Amino acid sequence: MTHNLKLKKPLAVFDLETTGTNISRDRIVELSVAKAMPDGTVEVKTKRVNPEMPIPIESSLIHGIYDEDVKDEPTFRQMAKSLAQFLQGCDLAGFNSNRFDIPMLVEEFLRVGSDLFDLKNRKFVDAQRIFHQMEPRTLAAGYKFYTGKTLENAHSAEADTLATLEVICAQVEKYEGVKITNKKGEEIEPVKNDVQALHDFTSGKIVDFANRLAYDDNDVIVFNFGKHKGKRVTDVFTKEKGYYDWMMNSDFPLDTKRKLTEIKLSMAGGLFGS
């Protein structure tokens, strides 16, 4: 397989099959990566993973992977180093990847105590965001819409991964130069054959991958859920001393907790003020 994207560095399009959808508790059972290279070639790697927990039957019925299928496969801890090496220097892409696949992958790396997977200086391209904003539908329908083909083996990690790469290529070809009106009423041309532009359109500025935190209109980090939604994190931590401890002891993803700790330490250092 080849691709038509203009890349300055590899773009790793990937898909995960998991035990469920809870980023804090669930685990990966299969991972497939299609690494699109700047020269137009694509390298595909697919691997099943022992999640070290039972796979709920509801999940197995969706992706077709059962406990027996992964009992002899390596754990994520065992494959973390080689996976990080394969993804080194790559931007990341997927279908609903900003809200699920990337947060889940980050959580797995953090869970095994690995500092190998650094997201700094990476771009994130979410084909679902392009799709839903340009043609609101699903992956199978999107694959049919953009390629004219029927997606076989949906919910197989490799089939979904390769389909997503084809969809991104087709989206760029179809929408490059197409104008839409954004929320501010401005006419823009968001889709370009450029990963930075696709990142800006589908990802924007991300605080934490579980989206518990966000930037407000002044680029200040605020809570994005619960009773403090819209309030500055630093203000809440200053006025409600126990809120940080409550979040750290609750069932929030490790990535969110890491960001909260960074903010807390920055406050202590005087960078945010009081």
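Basis of the calculations
Residues numbered from 1 in each chain as written. Predicted model: local features only at pLDDT ≥ 70, side-chain atom pairs only at ≥ 80, totals over all residues. Heavy atoms only, no water. Helix = DSSP H or I, 4+ residues; strand = E, 2+ residues; numbered from the N terminus. Rg over C-alpha atoms; globule rule 2.2 N^0.38 Å. Buried < 20%, exposed > 50% of the residue type's maximum accessible area, 1.4 Å probe, protein only. Contact = heavy atoms within 4.5 Å. Areas by Shrake-Rupley, 256 points an atom, 1.4 Å probe, with all protein chains shown as cover. Lys, Arg positive; Asp, Glu negative; His and termini not counted. Charge placed at Lys NZ, Arg CZ, Asp CG, Glu CD. Axes fitted to C-alpha atoms, helices over the stretch in contact; angles between N-to-C directions. Parallel < 35°, antiparallel > 145°, perpendicular 65-115°, else oblique. Left-handed = near helix turned anticlockwise from the far one by under 90°. Nonpolar A, V, L, I, M, F, W, Y, C, P; charged D, E, K, R; others polar. Core = buried A, V, L, I, M, F, W, Y, C linked by side-chain atoms within 4.5 Å. Pairing = 2+ DSSP bridges. Disulfide = S-S within 2.5 Å. Polar contact = N/O pair within 3.5 Å; in protein donor to acceptor, adjacent residues only side chain to side chain. Arc of directions from axis to C-beta.

Looking only at helices and strands, the protein features eleven helices and nine strands. In terms of C-alpha radius of gyration, the protein reaches 20 Å, essentially the compact-globule figure of 19 Å for 274 residues. The principal-axis extent of the C-alpha atoms belonging to the protein is close to 55 × 55 × 35 Å. For the protein, the proportion of its 274 residues judged to be buried stands at 49%. Expressed as a percentage of contacts within the protein between residues at least 6 apart in sequence, the contacts between residues at least 24 apart total 59%. In the form shown here, the protein has an accessible surface area of approximately 14100 Å², with 47% of it arising from carbon and sulfur atoms. In the protein, the 38 positive side-chain charges and the 42 negative ones have mean positions that sit 6 Å from each other.

Okay, the packing of helix α5 (residues 127–134) against helix α8 (residues 195–202) next. At a minimum axis separation of 9 Å, α5 and α8 run at an interaxial angle of 65°. With respect to their mutual orientation, α5 and α8 come out roughly perpendicular. Between α5 and α8 the crossing geometry is left-handed. Along the contact surface, α5 presents R129, I130, Q133 and M134, while α8 presents L198, F201 and T202. Its residues placed into classes, the contact of α5 with α8 shows four nonpolar, two polar and one charged.

On to the nonpolar core, then. Side chains of nonpolar character tend, in soluble globular proteins, to be buried together. Counting 30 residues, the largest nonpolar core has L5, L11, V125, I130, Y146 and L165 as the members making the most contacts within it. Of all the secondary-structure elements, those providing two or more residues to this core are β1 (11–18), β2 (28–36), α5, α6 (139–147), α7 (157–175) and α8. With eight residues, the single largest contributor to this core is α7. Ignoring any residue separated from it by four or fewer positions in sequence, one finds Y146 in contact with F131, M134, E135, V167, A170, Q171, K174 and Y175. One finds V49, F100, I102 and V112 within the second-largest nonpolar core, a separate group that totals 27 residues.

The next point concerns the sheet that holds β1. An order of β3-β2-β1-β4-β5 is seen for the five strands of this open sheet, with the pairing classed as mixed. Lying at the two open borders of the sheet, with one neighbouring strand each, are β3 (42–48) and β5 (124–126). When strand polarity is set aside, the average angle formed by the axes of neighbouring strands in this sheet is 20°. Two strands pair when backbone bridges link them, and β2 and β3 are joined in this way by seven bridges, in the antiparallel orientation. Residue pairing in the sheet places K35 in a bridge with E43 of β3. Contacting β1, β2, β4 (91–94) and β5, helix α4 (residues 97–111) crosses the sheet at an angle of about 80° to β1.

To continue, consider the environment of L7. Within the secondary structure, L7 is located in the segment before β1. L7 sits in the buried class, given a relative accessible area of 11%. Residues L7 and D115 lie 108 residues apart in sequence; the distance between their C-alpha atoms is 26 Å. When sequence neighbours within four positions are dropped, the list of residues in contact with L7 reads A36, M37, P38 and V195.

This part covers the environment of N4. Checked against the element boundaries, N4 lands in the segment before β1. Along the backbone, N4 and T19 are 15 residues apart, and their C-alpha atoms lie at a distance of 34 Å. Ignoring any residue separated from it by four or fewer positions in sequence, one finds N4 in contact with C169, E173 and N193.

What follows covers the state of the cysteines. Per the stated rule, a full pass over the model turns up zero disulfides. As a non-bridged cysteine, C90 has C169 as the owner of its nearest cysteine sulfur, 15 Å distant. The class of C169 is buried, set by a relative accessible area of 10%.

Its place among the elements puts Q171 in helix α7. Side-chain polar atoms of Q171 contact the backbone oxygen of A127, separated by 3.3 Å. Among residues more than four places away in sequence, those in contact with Q171 are A127, I130, F131, Y146, E176 and V191.

Buried within α5 are the following residues: A127, Q128, I130, F131 and M134. Axial view of α5: buried residues confined to an arc of 160°, hence all on one face. Packing partners of the buried residues in α5 comprise β4, β5, α6, α7, β6 (180–181) and α8. Between the side-chain oxygen of the N-cap and the backbone nitrogen of Q128 there are 2.9 Å, and the N-cap of α5 in question is D126.

Such coordinate-based values are descriptive only and should not be taken to indicate function.
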